[in-house]
Structures are given as C-alpha cells and as structure tokens.
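Here is how the chains run, residue by residue.
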Amino acid sequence: MNRSPHPMPQYATPLSAGMDLRAWLPDGPLTLAPLERRLVGTGLSIALPPGYEAQVRPRSGLALKHGITVLNTPGTIDADYRGELGVILVNLSAQPYTVSDGDRIAQMVIARHEQPAIEPVQALDTTERGAGGFGHSGKN
C-alpha cells in the first residue's frame, strides 16, 4: 500500500539489488542536526511471503556527500509486519541536513532467509580459526 503521493519503490536499473524509499513528510521538511536521529515515514506498507524479509539500507550518495545514513543498518522488516515502513536516519556530519518530502532516503532489498532449528550442545567442533575475530588475521 502506498499512502504517499510518491511513486511506488522501483529498481533504478535492471541489475539493481535495492529499490529507493522516499520520505513522506506531509507536514513539511525536517532538518537533522549533527548527530540527530529521526524516524522518517515512507507512507508504504508491504506484505512479504513467508521466508522473506525486507532490508532497509543507506543510500551511498547520501552517506558520502552528506553523512546521512540509516542507523540500524540493515533494518529488517519481517514478513508479518503490516505497519508503515519507517527509516531511522542519522546525521553523522557536522552540518545540519534537511530532508524534504519525496527525497530518496534509503534503499530496500528483498531477501530470502532461513529459520534453522536451534539445538543446544555442550561443545562446538574445532576449526583452524577457532574463536579468533575482530582483526585476528592481521593486516596481510
């Protein structure tokens, strides 16, 4: 469902993984101060089939040019959610940034997922890596 006056999300090119989400701001533009975060509505609601999720991700141009990103990246929209899609934007720059109605603010990727059975065990199998993480392999 699209309650906004903006076009439905669409893929910009035939090989695009994500489709743009637009801000729906019927009360006018909003300005994000440096380090401020806000939930921005899209006017969209979706119904996904079981086994799928929608992932909300930043737009690279907004991040590079203006320091605007999606705070909980990627944000997950579950198949049983029926409310309006919202995007948590944060301004990581030192300058205020204004979001206007209809601006492309994020992208949405539809992805398949699994729900494996969880089985408790007393020990895990060993691997060469083991518990090494967060830079354990060095700089080479």
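As a reminder, the structure under discussion sits directly above these lines.
The notes below deal with the structure included here. Just so it is clear, the structure is predicted and the values come from calculations on it, not from any experiment. (Residues numbered from 1 in each chain as written. Predicted model: local features only at pLDDT ≥ 70, side-chain atom pairs only at ≥ 80, totals over all residues. Heavy atoms only, no water.)

1. Side note on the pattern of salt bridges
Two side chains that carry opposite charge are able to pair once their charged atoms sit near each other. Quick reminder of the rule: Just to be clear on terms, a salt bridge is a Lys or Arg side-chain nitrogen sitting within 4 Å of an Asp or Glu carboxyl oxygen. Secondary structure follows DSSP: runs of H or I at least 4 residues long count as helices, runs of E at least 2 residues long count as strands, and numbering of each begins at the N terminus. Each residue's exposure class comes from its accessible area (1.4 Å probe, protein chains only) as a fraction of the maximum for that residue type: buried when under 20%, exposed when over 50%, partly exposed otherwise.
Tallied over the full model, the rule gives four salt bridges. A salt bridge links Asp20 to Arg59, with the nearest nitrogen and oxygen atoms 3.2 Å apart. On the criterion of sequence distance, the pair formed by Asp20 in strand 1 (residues 19–22) and Arg59 in the loop between strand 4 (52–57) and helix 1 (60–66) is long-range, its members being 39 residues apart. You can call Asp20 buried: its relative accessible area is 18%. A salt bridge links Glu36 to Arg38; the shortest N-O distance between them is 3.6 Å. A residue is classified by how much of its surface remains accessible, and Glu36, at 25% relative accessible area, is partly exposed. Residue class for Arg38 comes out partly exposed when judged on its relative accessible area of 35%.

2. A word on the sheet that holds strand 1
Quick note on the threshold: When DSSP finds at least two bridges between two strands, those strands are taken to pair. Axis definition: a line fit to C-alpha positions, over the contact stretch in the case of helices; interaxial angles, taken between N-to-C directions, run 0 to 180 degrees.
Read across the sheet, four strands follow the order 1-9-4-6 without closing on themselves; strand pairing throughout is antiparallel. Edge positions in the sheet fall to strand 1 and strand 6 (75–77), since each has one partner strand and no second. Sheet twist, expressed as the mean angle between neighbouring strand axes with direction ignored, is 35 degrees.

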